[in-house]
Amino acid sequence: MPPTHSHKLTDKQVGTYLVYRMKLNELIHLHFLFCHLNRAGCGDTIEGIAPEIVVNTVRTCAMAWFITMLDRNGINIFDLWKKMFPQYTNRLNVYRSAIENDLVRIRAFRNRSAFHAEPVFRDFIKPRVDMQEHAEEDVKTLQRFLKLATFLLKREHTADPNLQSRILGVVLDTELELDCHIRRRWLMDTNILDRSSVF
C-alpha cells in the first residue's frame, strides 16, 4: 500500500531522517570493525594491549551509537519509521517491545559509562558490568536492528517518492543557512544520496 498524502514527511522529519542515515552509516562501520576485530583479533598492531580490550572499546562506541538513534527525545527512529512505513507499524511495535529491556540497559551504559561518565566509580562501572553480562545478547539486538534497518532502507523510496530530492533540499537549505558547502560526492559515496538526485 503506497503512503497517502497524510503520511508525507515534514521537512523537519526529512532532516531527521538524513541525520539518522548518517548515524546509521557510522554504526554500520563500527559494527563491521567490531566483527572484524572480534574474529581476527588486533594482531600486534597495538603493542602491549590485549585484542579483547580494543574490541571492547569499539563495542562501547557501537552500542552508544546504536541507542542514540532510538532515543525518544532524539532521532527516535521507530516513530519516524512508523510515519514513513505505516504498513509495518505492527512489526515495528513488536520489535521495539521485544528489545525494550535491552534498550534500558544500553541507554544507562551510554549515559553513565560510554558517551558520558559518572564521576563516582561505582556508578560508572555498574553499566559496564551489566553490559558484560549481556554482551552476546546486546550484539544480537544490534544485529537485529541492522537487519530491520536494511529491510526498511531498501523500501525508503516507497515512503516518499521525492525523498531523495527532499534530502537534497535539506542539504541546500543547510548550506545557505550556515554558509558552508556539503560535498555531494561524500553523500553519494556513503549511499545517502542517489547519483540521479544530484546529476
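Everything discussed here concerns the structure shown above.
Thoughts on the overall build of the protein chain
Stage number 1. A count of helices and strands for the protein chain gives 10 helices and 0 strands.
Stage number 2. Across the 199 residues in the protein chain, those meeting the buried criterion constitute 40%.
Stage number 3. In the protein chain, 72% of the contacts between residues at least 6 apart in sequence involve partners at least 24 apart.
Stage number 4. A total accessible area of about 11600 Å² is found for the protein chain, and carbon and sulfur atoms account for 56% of it.

Quick notes on helix H4 (residues 89-114)
Stage number 1. Look at H4: only 31 Å from first C-alpha to last across 26 residues, short of the 38 Å you get at 1.5 Å a residue.
Stage number 2. Along H4, the sharpest kink reaches roughly 55°, centred on glutamate 100.
Stage number 3. Listing the buried residues of H4 in full gives Leu92, Tyr95, Arg96, Ile99, Asp102, Leu103, Arg105, Ile106, Phe109, Arg110 and Ser113.

As for the environment of alanine 114
Stage number 1. Secondary-structure assignment places alanine 114 in helix H4.
Stage number 2. Alanine 114 sits in the partly exposed class, given a relative accessible area of 24%.

Here we look at the packing of helix H3 (residues 77-84) against H4
Stage number 1. Two elements in contact, H3 and H4, have axes separated by 9 Å at closest approach and are oriented at 165°. One finds that H3 runs roughly antiparallel with respect to H4. H3 and H4 meet at a crossing whose hand is right-handed. Contact residues: H3 offers Phe78, Trp81 and Lys82, while H4 offers Thr89, Leu92, Asn93, Tyr95, Arg96 and Ile99.
Stage number 2. Here the residues of the contact of H3 with H4 are counted per class, giving 5 nonpolar, 2 polar and 2 charged.

Here we look at the side chain of histidine 31
Stage number 1. With respect to the helices and strands, histidine 31 occurs in helix H1 (residues 11-40).
Stage number 2. The buried category is assigned to histidine 31, whose relative accessible area is 7%.
Stage number 3. When neighbours within four sequence positions are excluded, histidine 31 is seen to be in contact with Val139, Leu142, Gln143 and Leu146.

Considering the packing of aromatic side chains
Stage number 1. A full pass over the atoms with the stated rule returns 10 aromatic pairs.
Stage number 2. Between tyrosine 17 and tyrosine 20 the ring centres are 5.6 Å apart and the planes differ by 40°, which places this aromatic pair in the tilted class. Taken as a pair, tyrosine 17 and tyrosine 20 lie in helix H1 at a separation of 3 residues, close to a single helical turn. We note that tyrosine 17, like tyrosine 20, is buried.
Stage number 3. When the ring of phenylalanine 85 is compared with that of tyrosine 88, the centres are 6.3 Å apart and the planes differ by 45°; the resulting orientation is tilted.

Examining unusual backbone geometry
Stage number 1. Non-glycine residue aspartate 179 carries a positive phi angle of around 50°.
Stage number 2. Its location among the elements puts aspartate 179 in the loop between helix H8 (163-178) and helix H9 (184-189).
Stage number 3. The backbone of asparagine 191 sits at a positive phi, close to 60°, despite the residue not being glycine.
Stage number 4. Its location among the elements puts asparagine 191 in the loop between H9 and helix H10 (195-198).
Stage number 5. On the accessibility criterion, asparagine 191 (58% relative accessible area) is exposed.

Overview of the nonpolar core
Stage number 1. Core analysis: the largest hydrophobic core is formed by 53 residues, its most contacted members being Tyr20, Leu70, Trp81 and Phe145.
Stage number 2. Elements with a contribution of two residues or more to this core: H1, helix H2 (51-70), H3, H4, helix H6 (135-153), H8 and H9.
Stage number 3. Each residue touching tyrosine 20, except ones within four places of it in the same chain, is listed here: Met69, Ile75, Ile77, Trp81, Phe145 and Ala149.

Description of the pattern of salt bridges
Stage number 1. For the coordinates displayed, the defined rule picks out 15 salt bridges.
Stage number 2. The partner of aspartate 11 in a salt bridge is arginine 166, with the nearest N and O atoms 2.8 Å apart. Residue aspartate 11 is found in helix H1, and its partner arginine 166 is found in helix H8; the two are separated by 155 residues along the sequence.
Stage number 3. Accessibility expressed as a relative area gives 15% for arginine 166, which makes it buried.
Stage number 4. With a shortest N-O distance of 3.0 Å, glutamate 26 and lysine 23 are connected by a salt bridge.

The rules behind each value
- Residues numbered from 1 in each chain as written.
- Predicted model: local features only at pLDDT ≥ 70, side-chain atom pairs only at ≥ 80, totals over all residues.
- Heavy atoms only, no water.
- Helix = DSSP H or I, 4+ residues; strand = E, 2+ residues; numbered from the N terminus.
- Buried < 20%, exposed > 50% of the residue type's maximum accessible area, 1.4 Å probe, protein only.
- Contact = heavy atoms within 4.5 Å.
- Areas by Shrake-Rupley, 256 points an atom, 1.4 Å probe, with all protein chains shown as cover.
- Expected span 1.5 Å × (residues − 1).
- Bend = angle between axes of the 7 residues up to and from the residue.
- Axes fitted to C-alpha atoms, helices over the stretch in contact; angles between N-to-C directions.
- Parallel < 35°, antiparallel > 145°, perpendicular 65-115°, else oblique.
- Left-handed = near helix turned anticlockwise from the far one by under 90°.
- Nonpolar A, V, L, I, M, F, W, Y, C, P; charged D, E, K, R; others polar.
- Phe/Tyr/Trp six-rings, centres within 6.5 Å; stacked < 30°, edge-to-face > 60°.
- Core = buried A, V, L, I, M, F, W, Y, C linked by side-chain atoms within 4.5 Å.
- Salt bridge = Lys/Arg side-chain N within 4 Å of Asp/Glu carboxyl O.

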